[in-house]
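Coordinate inspection notes
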Amino acid sequence: MSQVKKDDTVKVHYTGKLPDGQVFDSSVERGEPLKFTMGKGELIPGFESGLIDMKVNEKKTINIPKEEAYGAIREELVQEVPNNQLPEDIKPEVGMGLVSKTQSGKDINLVVKDVKEDSIVVDGNHPLAGKDLTFELEVVEIM
């Protein structure tokens, strides 16, 4: 029976959980497995390495340290922005998502962390940065 290896295209059902057990994402809930090619850097490193050598219909739970997931929180991605640099039609609220562009034109997703009188504090870290993750995996198909 074949096992998952680098360069295989696989279909996987997964449920991702935070250390407190809260589910943050699940292909099972959507009813459609995740399809991707191993070794292309499409997913976090710990997810891919956890699938290596699994067989079709095999299930397992893996724990991924933050270093193999979305990394540590990078303080340089938390910045204060003066209100006069915001579009006039935006009324920022804590938790609101914003999109900014880098000088090269790349979109950056930001989350408003604090609203002050003359500025807001935004965070460009991935929402799961700084967190260890647990995934329940099931290999559905190896192509």
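Read on for an overview of the structure. (Residues numbered from 1 in each chain as written. Predicted model: local features only at pLDDT ≥ 70, side-chain atom pairs only at ≥ 80, totals over all residues. Heavy atoms only, no water.)

With that settled, the discussion passes to the sheet that holds strand E8 (residues 119-123). If you walk across this open sheet you meet the four strands as E5-E8-E7-E6, and the pairing is antiparallel. At either margin of the open sheet sits one strand with a lone partner, and together these are strand E5 (78-82) and strand E6 (97-101). Each strand axis lies, on average, 45 degrees off the axis of its neighbour in the sheet, ignoring direction. Both strand E7 (residues 107-115) and E8 contribute to a ladder of four bridges, which runs antiparallel. Residue pairing for E8: Val-111 is matched across the bridge by Asp-123. (Pairing = 2+ DSSP bridges. Helix = DSSP H or I, 4+ residues; strand = E, 2+ residues; numbered from the N terminus. Axes fitted to C-alpha atoms, helices over the stretch in contact; angles between N-to-C directions.)

With the rule as written, the count across this model stands at eight salt bridges. As a salt-bridge pair, Lys-11 and Glu-141 come within 3.9 Å of each other at their nearest N and O atoms. Of this pair, Lys-11 sits in strand E1 (residues 9-17) while Glu-141 is found in strand E9 (residues 133-142), placing the two residues 130 residues apart along the sequence. The exposure class of Glu-141 is partly exposed, given its relative accessible area of 32%. The partner of Glu-136 in a salt bridge is Lys-17, and the shortest N-O contact between them spans 2.9 Å. (Salt bridge = Lys/Arg side-chain N within 4 Å of Asp/Glu carboxyl O. Buried < 20%, exposed > 50% of the residue type's maximum accessible area, 1.4 Å probe, protein only.)

Turning to the side chain of His-13, a few remarks are in order. If you trace the backbone, His-13 turns up in strand E1. Apart from the residues lying within four places of it in its own chain, the contact partners of His-13 are Ser-27, Val-28, Gly-31, Glu-32, Pro-33, Glu-136, Leu-137, Glu-138 and Val-140. (Contact = heavy atoms within 4.5 Å.)

Our next topic: the environment of Gly-71. Looking at where Gly-71 falls in the secondary structure, it is placed in the loop between strand E4 (59-64) and E5. In this structure Gly-71 comes out as buried when scored by relative accessible area, which is 17%. Sequence spacing of Gly-71 and Gly-130 is 59 residues, and the spatial spacing of their C-alpha atoms is 5.8 Å.

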